[in-house]
Amino acid sequence: MASIMKVVLTLSVLLCLTLSSSAQNCSTYAFRSNEVFGACNDLPYLNSFLHWSYNSSSSTLQIAYRHTGVSSSNWVAWAINPSGSGMVGSQALIAYQQPDGTMKAYTSSVDNYQTQLSEGKLSFDVSDLSATYADNEITIFATLGLSSIGGASNVTHVWQDGSVSGGTPRMHAMSEANMQSVGTINFLSVHGILNAVSWGIMMPLGALIARYLKVFKSANPAWFYLHVSCQSTAYIVGVAGWATGIKLGSESAGVVYSAHRTIGIILFALGTLQVFALLLRPKPDHKYRFYWNFYHHSVGYAVIILSIINVLKGIDILQPEKKWKYAYIGVIAALAFNALWLEGYTWYIVLKRKRSEGETKMPHNTNGSNGYHPEPEV
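Please read these numbers as outputs of a predicted model, since none were measured by experiment. (Residues numbered from 1 in each chain as written. Predicted model: local features only at pLDDT ≥ 70, side-chain atom pairs only at ≥ 80, totals over all residues. Heavy atoms only, no water.)

### Quick notes on the sheet that holds strand β2 (residues 48–55)
Note the cut-off: Two strands qualify as a pair provided DSSP detects at least 2 bridges between them. Numbered from the N terminus, helices here are DSSP runs of H or I no shorter than four residues, and strands are runs of E no shorter than two. Inter-axis angles, ranging from 0 to 180 degrees, are taken between N-to-C directions of lines fitted to C-alpha atoms, where helices are fitted over the stretch in contact.
Strand order in the open sheet formed by five strands is β1-β2-β3-β8-β7, and the pairing between neighbours is antiparallel. Across the chains shown, the open sheet's two edge strands, defined by having one partner strand only, are β1 (39–42) and β7 (125–134). For this sheet the average axis-to-axis angle between neighbouring strands, irrespective of direction, equals 15°. Across nine bridges, strand β3 (residues 60–68) lies against strand β8 (residues 137–145) in antiparallel orientation. Residue pairing for β8: Arg66 is matched across the bridge by Thr139.

Right under this line is the structure:
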């Protein structure tokens, strides 16, 4: 039974670390010119990343497309396909370094597979188009007016790279990565994704780690740092999701979801209090530690309950495919099931340990200490 519990908790730790790592990848990138974007996505192929801010009221999309691992003799492109699901019909932003060292950034409409990426206008407005090259990375900046193609709901996008010869882009390679560099993205859904992963999954997972991993003496104080790491990452990503939601609300004055917005503000406030409470955390033997623990646990569980409720409200607002709601409910149900049986097993271990220590306690030991602290002295 103990081995099963250890396996479950190990998987929980690995999941938390995986979510933390993936959540921090493109989101921690700092642009040299201090541009700030509301969201980003690590694209699955060709070492590429997309950063953006979307104004829903004007259907204006500000983007920065980063393509790493390229040389000065490469071109890169990022495109939206408003009418299809692949390369043909895509409206592309292209950039490469010219022989004189300057960057050329332009637009091209891809009408067939034999395209030469000739310069031309797109089916939507493009402004502030520019590009940079540094440290084997090309970045394209642009502002897109998407009202003419119906906004930014479930947009097909394509990204690509290739070689430049004689100042002219050549055909891209036919490798698996090049052929699969296409996907769909909903620029409005990022708020929901950030909050579902951070507040809705990582927060409960971090609480599970804290409550059940510390029962093992060998896990002290590792469980504490894993807990703090998981919850801190959840808070940082959650704040990004919260800020995105506030921005979406300010840009959509005629659309109000009072309950969802109110719970979100309460969550942000309680989460911030939890973070700052760490600065006032007494030592385990301090006389006020009992009250701090009561506060920390009460607020923590309140945040988890409100987070799950608000994620479900957000799903109902965005109305994605039902499989996403079922998937989230499945994750929460799995966490709840594990928490239920781990709770019982934890009490079994603690009570058994107390009985064992009570039988072996020396008569002169009058201070009631058994040498075990459920929390690290940090």
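And the narrative resumes.
### Examining the environment of Met103
Just so we agree on the cut-off: Throughout, a residue-residue contact means that at least one pair of heavy atoms, one from each residue, lies within 4.5 Å.
With respect to the secondary-structure elements, Met103 resides in strand β6 (residues 103–109). In this structure, the C-alpha to C-alpha distance between Met103 and Thr132, residues 29 residues apart in sequence, is 6.5 Å. Dropping the residues within four chain positions of it, Met103 is found in contact with Ala95, Tyr96, Gln97, Gln98, Ala131, Thr132, Tyr133 and Ile138.

### As for the pairing of strand β4 (residues 74–81)
For clarity, the threshold we go by: Exposed residues in this analysis have more than 50% of their type's maximum accessible area, buried residues have under 20%, and partly exposed residues fall in between, with area computed by a 1.4 Å probe over protein chains only.
Burial of β4 is extensive: eight of the eight residues sit out of reach of the surface. The alternating pattern of β4 places Asn74, Val76, Trp78 and Ile80 and Trp75, Ala77, Ala79 and Asn81 on opposite faces, both of which are buried. For β4 and strand β9 (residues 155–165), the ladder comprises eight bridges, and the chain directions are antiparallel. Looking across to β9, one finds that Trp78 is bridged to Trp159.

### A look at the packing of aromatic side chains
Put simply, the rule reads: Paired rings are identified among Phe, Tyr and Trp, the last through its six-membered ring, by centres lying within 6.5 Å, and are further divided according to the angle between planes into stacked (under 30 degrees), edge-to-face (over 60) and tilted (the rest). Both a distance and an angle decide whether a charge sits over a ring: NZ of Lys or CZ of Arg must be within 6 Å of the ring centre and within 35 degrees of the ring normal.
Going through the model one piece at a time under the given rule, you end up with nine aromatic pairs. Note on Phe290 and Tyr291: the rings are 5.5 Å apart at their centroids and 80° apart in plane angle, and the pair reads as edge-to-face. An aromatic cluster is built from Tyr29, Phe31, Phe37 and Phe141, whose rings are joined through pairwise contacts. Taking the ring centre of Tyr29 as reference, the NZ or CZ of Arg66 above it sits at 3.5 Å.

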